[in-house]
Amino acid sequence: MSRIGVMSLGRAILIGGGPGAWDLITVRGMHALQQADVILTDHLGPSHQLDQLCDVSAKEVIDVAKLPYDRQVSQERINELIVSHARAGKIVARLKGGDPFVFGRGFEEVEACAQAGVPCDVIPGVTSAISVPGLVGVPVTNRGVVHSFTVISGHVPPGSPSSLVDWHALARAGGTLSVIMGVKNAAAIAQALIEGGLAEDTPVLIVQEGSYEHEQSLRTSLGLLGQTMKDQNVKAPAVYLIGEVAGLRV
């Protein structure tokens with residue numbers, strides 16, 4: 001584990017919960033939950049199956065979920081809760097979906113702890129960008145097919161002033177594209193990639209609720225991605241893989 005901060009009465013543990021199912025968290029992450037006095041949970045990861053991982057009745061569980069386009073707990077408030085409980089002498093487990101450093105704002109929470117003098121351990125998790133396609137038998141790389149992949153957050157549409165993604169460059173990069181948090185903007189993302197030179201018949205794999213009981217996978221093409229999302233009523237959480245590997249079948 002990486003230890004950040006100086007000694008105090010309590011401490012924080014930033015835990016990556018994996019793609020969803022409770023048994024895809026790491027062993028170290030499970031042990032940290034068992035040690036914790038307070039657990040701050042998101043809506044992704046194994047938050048709804050905590051009883052499989054620890055004795056929930058012996059802990060204070062606080063829901064700090066940021067629901068897409070819905071109820072939001074501010075990052076500042078989350079930071080305050082982590083720090084205040086740790087300063088009160090408690091072990092605070094901050095449970096996040098996937099990996100806390102892959103579009104999870106984990107470093108912001110580590111920084112808040114460091115600034116407050118609260119020790120913070122970081123436990124990596126399994127990111128859905130890679131694991132969810134793997135669960136349905138599709139790799140992000142494959143020998144002789146593709147030697148690179150890019151993980152992209154699709155929550156900001158192409159062309160937005162706040163976008164940090166060069167979609168046209170990605171269209172020319174030749175690697176697999178794994179898009180998370182991109183359901184709402186799927187049609188715009190597909191159009192930007194096509195405009196950048198990626199063929200409309202490029203295979204696409206969509207996996208909704210990966211690792212959960214109601215997991216569903218769909219196959220389509222880049223040109224039909226937006227329409228497929230609409231016709232099949234795809235909802236978050238979902239990951240979609242764009243590239244030749246998305247057409248692989250056993």
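Here the structure is a predicted model, which is why all the values come from computation and not from measurement.

### A few points about the overall build of the protein chain
Phase 1: In terms of regular secondary structure, the protein chain is built from seven helices and eleven strands.
Phase 2: For a compact globule of 250 residues, the expected C-alpha radius of gyration is about 18 Å, and the protein chain comes in at 19 Å, within 12% of that figure.
Phase 3: Its C-alpha atoms give the protein chain principal-axis dimensions of about 55 × 40 × 35 Å.
Phase 4: Split by element, the accessible area of the protein chain, about 12200 Å² in all, is 52% carbon and sulfur.
Phase 5: Charge centroids of the protein chain, computed over 19 positive and 24 negative side chains, lie 3 Å from each other.

### Some thoughts on the pattern of salt bridges
It is possible for side chains bearing opposite charge to pair when their charged atoms get close.
Phase 1: The tally for this structure, following the rule as stated, stands at seven salt bridges.
Phase 2: A salt bridge links R77 to E80; the shortest N-O distance between them is 3.4 Å. Highlighted residues: R77 and E80, both in helix α2 (residues 75-87), separated by three residues, approximately one helical turn.
Phase 3: A relative accessible area of 41% means that R77 is categorised as partly exposed.
Phase 4: The partly exposed category is assigned to E80, whose relative accessible area is 45%.
Phase 5: Several salt bridges share partner residues, and in doing so they unite D42, R94, K96 and E109 into one network.

### Notes on the nonpolar core
Phase 1: L193, I206, L222, L225, M229, Y240 and I242 are the most contacted members of the largest nonpolar core, which has 24 residues in total.
Phase 2: Elements supplying a minimum of two residues to this core: α5 (167-173), β8 (176-180), α6 (186-195), β9 (203-208), α7 (225-231) and β11 (238-242).
Phase 3: Ranked by the residues each element gives to this core, the list is headed by α6, at six residues.
Phase 4: Counting 18 residues, the second-largest nonpolar core is a separate cluster that includes V38, V64, V83 and V118.

### With respect to the sheet that holds β8
Phase 1: With mixed pairing, the five strands of this open sheet are ordered in space as β7-β8-β11-β9-β10. Among the strands making up the open sheet, the edge pair consists of β7 (149-153) and β10 (216-221). Averaged over all pairs of adjacent strands, the angle between strand axes in this sheet comes to 20°, irrespective of strand direction.
Phase 2: Lying over the sheet, helix α4 (residues 128-135) contacts β7, β8, β9 and β11, oriented at roughly 80° with respect to β11.

### Here's the deal with the environment of K96
Phase 1: Here K96 is to be found in strand β5 (residues 91-96).
Phase 2: Expressed as a C-alpha distance, the spacing of K96 and I123, which sit 27 residues apart in the sequence, is 10 Å.
Phase 3: Ignoring any residue separated from it by four or fewer positions in sequence, one finds K96 in contact with L14, I15, G16, G17, G18, D42, G104, R105, G106 and E109.
Phase 4: Of note is the side chain of K96, whose polar atom sits 3.0 Å from the side chain of E109.

Criteria and thresholds
- Residues numbered from 1 in each chain as written.
- Predicted model: local features only at pLDDT ≥ 70, side-chain atom pairs only at ≥ 80, totals over all residues.
- Heavy atoms only, no water.
- Helix = DSSP H or I, 4+ residues; strand = E, 2+ residues; numbered from the N terminus.
- Rg over C-alpha atoms; globule rule 2.2 N^0.38 Å.
- Areas by Shrake-Rupley, 256 points an atom, 1.4 Å probe, with all protein chains shown as cover.
- Lys, Arg positive; Asp, Glu negative; His and termini not counted.
- Charge placed at Lys NZ, Arg CZ, Asp CG, Glu CD.
- Salt bridge = Lys/Arg side-chain N within 4 Å of Asp/Glu carboxyl O.
- Buried < 20%, exposed > 50% of the residue type's maximum accessible area, 1.4 Å probe, protein only.
- Core = buried A, V, L, I, M, F, W, Y, C linked by side-chain atoms within 4.5 Å.
- Pairing = 2+ DSSP bridges.
- Axes fitted to C-alpha atoms, helices over the stretch in contact; angles between N-to-C directions.
- Contact = heavy atoms within 4.5 Å.
- Polar contact = N/O pair within 3.5 Å; in protein donor to acceptor, adjacent residues only side chain to side chain.

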